[in-house]
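Close look at the chain arrangement
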Amino acid sequence: MRQLAFLCSALALLAGGSRVLADAKNPTYEDDVMPIVKQSCVNCHGNDKQKGGLNLATYATMSQGGSSGVVVVPGNPGKSLTVINVPQLRVEKTIDLGTYTRPHGIVFLPGDSSVVVTSEATGNIVIVNLRSAALRAIATMGQGSHMVGVSADGRWAVTGNMGSHTVSLLDL
């Protein structure tokens, strides 16, 4: 399951780590996402070749998804996680986060079948089972829960809450 990654994380890793946005205040698909996709994905998922029926050459073709389902939901940003099997370059699934919007920080729990993701808009962390898509939310009691870290044994999580300038320690 460690082979599964999330689109943003996979794209950042494929691009060689962190990336400077063209305009940090107003990132765009064309200027900030598409260069990474072109560099890392379109050889197998472009106009000439579409492994798994997925064409990532344009936002329009990406929105159509592939044989494994949708990759993005147009008009519905920040409400889902797209799980990618990186070695096989295949979308495994898209998990709807329901009311837990604006996912940001994400980390695997021990065992590699679940992740903890922050929901910046709701002040929660969400434990997401990648196999079943089951969700369990825990309130951080902070505003703008941004990043998350998890103890090695998976019992504790710590969030940085940007809006309230606090840190939360959560028993998972």
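This text follows the structure it describes.
Just so it is clear, the model here is predicted, and its values are computed rather than measured.

Another point: the nonpolar core. Nonpolar side chains tend toward joint burial in soluble globular proteins. Residues L81, V83, I95, L97, F108, V115, V117, V126, V128 and L130 constitute the largest nonpolar core, which totals 10 residues. When residues of this core are traced back to their parent elements, those giving at least two are β2 (80–85), β5 (114–119) and β6 (124–129).

Note: strands within a sheet are paired through backbone hydrogen bonds, in either parallel or antiparallel orientation. Strand order in the open sheet formed by 4 strands is β4-β5-β6-β7, and the pairing between neighbours is antiparallel. Strands at the two margins of the open sheet, each flanked by one partner only, are β4 (103–108) and β7 (135–139). Going from strand to strand, the sheet's axes swing by 25 degrees on average, the running direction of each strand aside. Judged from the 4 bridges that link them, β4 and β5 form a sheet pairing that is antiparallel.

In terms of strand pairing, β6 meets β7 through 5 bridges, oriented antiparallel. Across the sheet, I125 pairs through a bridge with I138, a residue of β7. What sits between the antiparallel neighbours β6 and β7 is a turn of 5 residues, in which A133 has the positive phi angle 70 degrees.

Attention shifts here to the pattern of salt bridges. All chains considered together, the criterion is met by 2 salt bridges. Between E120 and R102 there is a salt bridge, with the nearest N and O atoms lying 3.0 Å from each other. Of this pair, E120 sits in the loop between β5 and β6 while R102 sits in the loop between β3 (90–96) and β4; the two residues are 18 residues apart in sequence, bridging distant segments of the chain. The closest approach of N and O atoms between D171 and R155, which form a salt bridge, is 3.4 Å. Residue D171 is located in strand β10 (residues 166–171), and its partner R155 is located in the loop between β8 (145–150) and β9 (156–161); the two are separated by 16 residues in the primary sequence.

Let's shift gears to the environment of Y59. Tracing the backbone through its elements, the reader meets Y59 in helix α3 (residues 59–63). As a C-alpha pair, Y59 and M34 span 25 residues in sequence and 8.4 Å in three-dimensional space.

Our next topic: unusual backbone geometry. Phi is positive for D112, which is not a glycine, with a value near 65 degrees. For D112, the position within the fold is in the loop between β4 and β5. Residue D112 is classed as buried on the basis of its relative accessible area of 18%. The phi dihedral of H165 falls on the positive side, at around 55 degrees, and the residue is not glycine. Tracing the chain through its elements places H165 in the loop between β9 and β10. Accessibility expressed as a relative area gives 73% for H165, which makes it exposed.

Turning next to the environment of L109. For L109, the location among the structural elements is in the loop between β4 and β5. Once you skip the residues sitting within four places of it in the chain, L109 turns out to touch S114, V115, V116, I127, V150, G154 and L172.

Before going further, it helps to examine the sheet that holds β10. Taken together, the 3 strands give an open sheet; going across it, the order is β8-β9-β10, and neighbouring strands pair in antiparallel fashion. Only two strands of the sheet have a single neighbouring strand rather than two, namely β8 and β10. On average, each strand axis in the sheet is tilted by 25 degrees relative to the strand beside it, whichever way the strands run. Sheet analysis places β8 next to β9, joined by 5 bridges and oriented antiparallel. Note on β9: the bridge partner recorded for V148 is T159.

Parameters and conventions
Residues numbered from 1 in each chain as written. Predicted model: local features only at pLDDT ≥ 70, side-chain atom pairs only at ≥ 80, totals over all residues. Heavy atoms only, no water. Core = buried A, V, L, I, M, F, W, Y, C linked by side-chain atoms within 4.5 Å. Buried < 20%, exposed > 50% of the residue type's maximum accessible area, 1.4 Å probe, protein only. Helix = DSSP H or I, 4+ residues; strand = E, 2+ residues; numbered from the N terminus. Pairing = 2+ DSSP bridges. Axes fitted to C-alpha atoms, helices over the stretch in contact; angles between N-to-C directions. Salt bridge = Lys/Arg side-chain N within 4 Å of Asp/Glu carboxyl O. Contact = heavy atoms within 4.5 Å.

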